[in-house]
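Chain residues, written in single-letter form:
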Amino acid sequence: MSSLNPIWVNFSISENAFKKYRDQVAKGQLVPPQDGNYVAELIQVDDSIFPQTGRITFVDPSFNPQTGTFLIA
């Protein structure tokens, strides 16, 4: 038996991508949500957007030097 609602997804972001995001926020080029509730969309291989959205509920503040990534869930 498996549960399809909710579905939990974990992914990682590279140190370079995370730094680029932080730099863009610092320069005012990106404005993060005031309440910290980020909406996540899944872009499929054919560039269509999956009809359901999700939200980021957890960001692991530790950096994994073996993979060069931060964990996001």
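Above this note sits the structure.
Note that the structure is a prediction, hence the values are computed from the model and not measured. Think of each chain on its own: its residues are numbered from 1, step by step along the sequence as written. It should be noted that, the model being predicted, local features are given only for residues of pLDDT at least 70 and side-chain atom pairs only at 80 or more, the latter also being counted only at that level, while totals for whole chains, interfaces and linings use all residues. Side-chain numbers come from the whole structure's heavy atoms, not from hydrogens or water.

Undergrad: Please give an account of the pattern of salt bridges that cites residues and values.
TA: We define a salt bridge as a contact between a side-chain nitrogen of Lys or Arg and a carboxyl oxygen of Asp or Glu at a distance within 4 Å. Applying the stated criterion to the full structure yields 1 salt bridge. With its nearest N and O atoms 2.7 Å apart, the salt bridge here joins Asp-23 to Lys-19. Residue Asp-23 and its partner Lys-19 are located together in helix 1 (residues 15-26), separated by 4 residues, close to a single helical turn. Only protein chains enter the accessibility calculation, which uses a 1.4 Å probe; a residue whose area is less than 20% of its type maximum is buried, one above 50% is exposed, and one in between is partly exposed. A relative accessible area of 30% means that Asp-23 is categorised as partly exposed. Since its relative accessible area comes to 48%, Lys-19 is described here as partly exposed. Only DSSP runs of H or I reaching four residues or more are called helices, and only runs of E reaching two or more are called strands; each is numbered from the N terminus.

Undergrad: Before we move on, could you go through the packing of aromatic side chains and cite the residues and values that matter?
TA: By convention, a stacked pair of Phe, Tyr or Trp rings (six-membered ring in the case of Trp) has centres within 6.5 Å and planes under 30 degrees apart, an edge-to-face pair has planes over 60 apart, and any other such pair is tilted. All told, the structure shown has 2 aromatic pairs when counted by the stated rule. Between Phe-18 and Phe-70, the aromatic rings sit 4.9 Å apart at their centres with planes inclined by 45°, giving tilted as the arrangement. Of this pair, Phe-18 sits in helix 1 while Phe-70 sits in strand 5 (residues 69-72), and the two are 52 residues apart along the sequence. The partly exposed category is assigned to Phe-18, whose relative accessible area is 25%. Between the aromatic rings of Phe-63 and Phe-70, the centroid separation amounts to 5.2 Å while the plane-to-plane angle is 55°, which identifies the pairing as tilted. Its relative accessible area of 32% is what places Phe-63 among the partly exposed residues. On the basis of relative accessible area, Phe-70 is assigned to the buried category, the value being 13%. Three or more aromatic residues joined by ring pairs make a cluster, and in this case those are Phe-18, Phe-63 and Phe-70.

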